[in-house]
Each structure stands twice: as structure tokens, then as C-alpha cells.
Amino acid sequence: MSSIKRFGVSIEHNLLREFDGFIKKKGYENRSEAIRDLIREALVKEKTTHPEAEATGTINIVYNHHRPRLSDRLTHLQHNSPLNIFSSTHVHLDKDLCLEVIVVNGKAGDIISFGEKLGSLRGVLHSQIFLFSPAFE
Ligand code: NI
């Protein structure tokens, strides 16, 4: 871990009060850790908006497995993806619905395209893409 630096921040009273309420609700013990997390989040977000940036992520989808050929299409797309697919976890949620969490690595733009392709298939009811780029402690 790199050395800790201290710096002062000037902030409007009302904004600070709102922020203190926010971090209390989130369970932070002090402002420093909350500010560090917000900075990390902003930097990762900024980094992963570059399509060529290397990223790790998860694609989460919920779908109805009764939809004809959908399971086959999902499997086919994963086998032919440009991404490194580390794992694919399948959970049978109930009689109809399946949750699949696919852990991938590749270019941020490719992860987003692939996640959107899966999410747009008929029978996929929910989809979400999480992107992470490890660069900051
Ligand atoms: Ni299932």
C-alpha cells in the first residue's frame, strides 16, 4: 500500500451535512474512507469507459429457461465469445427462472457488447454488467 497523504478540502456547509448523512447511512466510520471509496469508484468508472481498457467483470442475467433454444444460444455465444470466460454459475431460481453469473476478462468494450448481446435475447428478463479494472488500492 502506498503512503497516506493528508489534504484539506473546502466544502459548503449544507453539502458536508448531506455527505455526513450519506456516509452514516452507508456505515462508514469516518469521512476519509468514504472519500477514498468514492475516488476509487470514479477512477475505475473513468478507466472502464475506454473500450480498449483491460477489465474484469461479471455479466448477470435472469432468464426463462422455457424459452425455446435460449439455453443453447446462451451456451453457443459463450463458447464463441472473444472474452476469457472464467466461470459461469447457473442457479435454478424457481420452476421457470434461471440466474446466470458469468465472470469474464477482456476489453471493457467487448465485455459491454457481449453483456448487451446476452441481455437483448428474447427470454432474458434482466441483465446487468459489472466492470472492474484493478489499478488502485
Ligand atoms: Ni436453471
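The structure we're discussing is the one just above.
Reading the values: the criteria
Residues numbered from 1 in each chain as written. Predicted model: local features only at pLDDT ≥ 70, side-chain atom pairs only at ≥ 80, totals over all residues. Heavy atoms only, no water. Donors = N, O, S within 2.8 Å, 3.2 Å for Na, K, Ca; no water. Buried < 20%, exposed > 50% of the residue type's maximum accessible area, 1.4 Å probe, protein only. Pairing = 2+ DSSP bridges. Helix = DSSP H or I, 4+ residues; strand = E, 2+ residues; numbered from the N terminus. Contact = heavy atoms within 4.5 Å. Polar contact = N/O pair within 3.5 Å; in protein donor to acceptor, adjacent residues only side chain to side chain.

**Student:** Quick question: what am I supposed to make of the coordination of the nickel ion here?
**Tutor:** Reference geometry at the metal: tetrahedral coordination by four donors gives ideal angles of 109.5 degrees; octahedral coordination by six donors gives 90 or 180 degrees. Within the protein, His90 (NE2), His92 (ND1) and Cys98 (SG) serve as the donor atoms for the nickel ion, at 2.0 to 2.4 Å. Written as a sequence motif, the donor arrangement for the nickel ion is H-x1-H-x5-C. Judged by its relative accessible area of 3%, Cys98 falls in the buried class.

**Student:** When you look at the pairing of strand β2 (residues 84-92) in this model, what are you seeing that I'm missing?
**Tutor:** Where a strand is regular, its side chains alternate between the two sheet faces. Here β2 pairs with strand β3 (residues 97-107) via eight bridges, running antiparallel. Its bridge partner lying in β3, Thr89 is registered against Val101. Two successive antiparallel strands, β2 and β3, enclose a turn made up of four residues.

**Student:** I tried to follow the environment of Asp96 on my own but got confused; where do I start?
**Tutor:** In this fold, Asp96 is placed in the loop between β2 and β3. For the pair Asp96 and Leu77, spaced 19 residues apart in sequence, the C-alpha to C-alpha distance is 21 Å. Apart from residues no more than four positions distant in its own chain, Asp96 is found in contact with Tyr63, Asn64, His65 and His66. There is a polar contact of 3.0 Å between the side chain of Asp96 and the side chain of His66.

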